[in-house]
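Chain by chain, the residues run as shown.
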Number of protein chains: 2
Amino acid sequence: MKTLPVICCGPATEALDPDARETLAARFRALSDPTRVAIVNRLASTDECCVCDLNAAFDLSQPTISHHLKVLRDSGLVESSRRGTWAYYRLVPDAVRDLRHTLGG
Amino acid sequence: MKTLPVICCGPATEALDPDARETLAARFRALSDPTRVAIVNRLASTDECCVCDLNAAFDLSQPTISHHLKVLRDSGLVESSRRGTWAYYRLVPDAVRDLRHTLGG
DNA sequence: TCCTTTCATAGACAGAGATCGATACAGTAT
DNA sequence: ATACTGTATCGATCTCTGTCTATGAAAGGA
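Residues numbered from 1 in each chain as written. Chains lettered and ligands numbered in written order. Predicted model: local features only at pLDDT ≥ 70, side-chain atom pairs only at ≥ 80, totals over all residues.

*Asks:* Describe the overall build of chain A, and please don't skip the residues or the numbers.
*Replies:* When you go through chain A residue by residue, the secondary structure sums to five helices and three strands. N-terminal to C-terminal, the α/β element order of chain A is α-α-β-α-α-β-β-α. Among the 105 residues that make up chain A, the fraction classed as buried is 35%. (Helix = DSSP H or I, 4+ residues; strand = E, 2+ residues; numbered from the N terminus. Buried ≥ 20, exposed ≤ 12 C-beta atoms within 10 Å, placed from the backbone.)

Here you go:
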């Protein structure tokens, strides 16, 4: 999990090269959907969560939830592990912190 | 400019109602494009910026830059004022701070 | 007045993304 | 082995978004 050393939008701001723009935009894009915001929000309060619970919590099909989880996984904001039949998802605190720092925190 | 009292993704997290999900996703979506990240980044370092400078800084057509500025304006992240022929854009620090708080800051 | 400059808007188009049903795959139980 | 359950992936469809050209509106200068 690589960090984002660059600051985007805070008071002590340096110019961004094209790669940094892409990387930052990609991470914000991961949070640009209401369902994904809700998933991340839920993960932030429960520390670990089974996919079956997420499927039950949202009025969306199972493949759709799986798609959103893949987007979040690819962005590095969440990670998953399989234990037996079930898959469990967790937030990656460092990734969230990086995004916060990007906004000047 | 209304604030976002709710916290999404930090350690002290409460569940989000559908409206809050939409609002948060909309603000993150404003930063989900590399060009808009770069515009916000530039505004964060120059305090105020003429549209003509932005047009010159990016290899995109003038209407495209204008479109991105409208997206940022609608999201509340930037504001503009017209002085004579020129339009000037500024960051809205409170909006950026709200977004940062949303991530647990 | 007429022309030029600066910015915003409208309309069109291509590409990306959200959603679903169908299907594949991996564990578990019978 | 067979059947069942929980997830992931595939393929299709529909909507949204980024980009462009063309045009409009407002201000200033000849």
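Let's pick the thread back up.
*Asks:* Could you give me a rundown of the protein's contact with DNA strand C, with the residues and numbers involved?
*Replies:* The local shell around DNA strand C holds 25 residues, among which A:Pro63, A:Thr64, A:Gly84, B:Cys52 and B:Pro63 are the closest. Elements with a minimum of two residues in the surface near DNA strand C: helix H4 (62-75) of chain A together with helix H3 (51-57), helix H4 (62-75) and strand S3 (86-91) of chain B. Within the surface near DNA strand C, the residues separate by chemical class into ten nonpolar, twelve polar and three charged. (Near = placed C-beta within 6 Å. Nonpolar A, V, L, I, M, F, W, Y, C, P; charged D, E, K, R; others polar.)

*Asks:* An account of H4(B) is requested, with residue identities and associated values reported.
*Replies:* One turn of an α-helix holds 3.6 residues; hence residues three or four places apart share an orientation. With 14 residues, H4(B) extends 20 Å from end C-alpha to end C-alpha; this agrees with the ideal 20 Å at 1.5 Å per step. Positive phi appears at B:Gly76, one or two residues downstream of H4(B), with a value of about 85°. (Expected span 1.5 Å × (residues − 1).)

*Asks:* Tell me what's going on with the protein's contact with DNA strand D, and back it up with residues and numbers.
*Replies:* The local shell around DNA strand D holds 27 residues, among which A:Cys52, A:Pro63, B:Ser61, B:Pro63 and B:Thr64 are the closest. Contributing elements (two or more residues each) for the surface near DNA strand D: helix H3 (51-57), H4 and strand S3 (86-91) of chain A together with H4 of chain B.

*Asks:* I'd like to hear about the environment of A:Thr102, residue by residue, with values.
*Replies:* Residues and elements named next belong to chain A. Within the fold, Thr102 resides in helix H5 (residues 93-102). Note on Thr102: 27 C-beta atoms within 10 Å, which makes it buried. Thr102 sits 30 residues away from Leu72 along the chain, and the two C-alpha atoms are 18 Å apart.

*Asks:* Please give an account of the relation of the copies chain A and chain B that cites residues and values.
*Replies:* Under the fitted operation, chain A is carried onto chain B by 0.0 Å of movement along the axis and a turn of 180°, and the coordinates agree to an RMSD of 0.0 Å. Taken together, the rotation angle and the small translation identify this as a two-fold axis. A high fraction, 100%, of the interface residues of chain A reappear at the interface in chain B, so the copies pair face to face through one surface. (Least-squares fit on C-alpha atoms with pLDDT ≥ 70 in both. Contact = placed C-beta atoms within 7 Å.)

*Asks:* Give me the sheet that holds strand S1 (residues 49-50) of chain B: which residues, what numbers.
*Replies:* Residues and elements named next belong to chain B. Strand order across the open sheet formed by three strands is S1-S3-S2, with antiparallel pairing between neighbours. Edge positions in the sheet fall to S1 and strand S2 (78-83), since each of these pairs with one other strand and no more. Bridge analysis of S2 against S3 gives six bridges, and the strand direction is antiparallel. Across the sheet, the residue bridging to Ser81 is Tyr88, located in S3. (Pairing = 2+ DSSP bridges.)

*Asks:* Run through the sheet that holds strand S1 (residues 49-50) of chain A, naming residues and quoting values.
*Replies:* Taken in spatial order, the three strands of this open sheet run S1-S3-S2 (chain A), and their pairing is antiparallel. Of all the strands in the sheet, just S1 and strand S2 (78-83) of chain A have a single pairing partner and so form its edges.

*Asks:* Could you give an account of the packing of helix H2 (residues 34-46) of chain A against H4(A), with specific residues and numbers?
*Replies:* Residue and element names in this part refer to chain A. Close contact between H2 and H4 brings their axes to 10 Å; oriented N to C, the two are set at 70°. When the axes of H2 and H4 are compared, the pair comes out roughly perpendicular. Facing Thr35, Arg36, Ile39 and Val40 of H2, the residues of H4 in contact are His68, Val71 and Leu72. Residue composition of the contact of H2 with H4, by class: four nonpolar, two polar and one charged. (Axes fitted to C-alpha atoms, helices over the stretch in contact; angles between N-to-C directions. Parallel < 35°, antiparallel > 145°, perpendicular 65-115°, else oblique.)

*Asks:* Any chance you could break down the environment of B:Leu31 for me, citing the residues and the numbers?
*Replies:* Its place among the elements puts B:Leu31 in the loop between helix H1 (18-30) and helix H2 (34-46). Expressed as a C-alpha distance, the spacing of B:Leu31 and B:Arg82, which sit 51 residues apart in the sequence, is 24 Å.

*Asks:* How would you sum up the nonpolar core? Please name residues and give values.
*Replies:* Grouped together as the largest cluster of nonpolar side chains are 47 residues, with contacts concentrated most on A:Val40, A:Leu43, A:Leu77, B:Val40 and B:Leu43. When contributions to this core are tallied by element, the ones reaching two or more residues are helix H1 (18-30), H2, S3 and H5 of chain A together with H1, H2, S3 and helix H5 (93-102) of chain B. Sequence-distant contacts of A:Leu43, that is, excluding residues within four places in its chain, are made with A:Cys49, A:Val78, A:Tyr89, A:Arg90 and A:Leu91. (Core = buried A, V, L, I, M, F, W, Y, C linked by C-beta atoms within 7 Å.)

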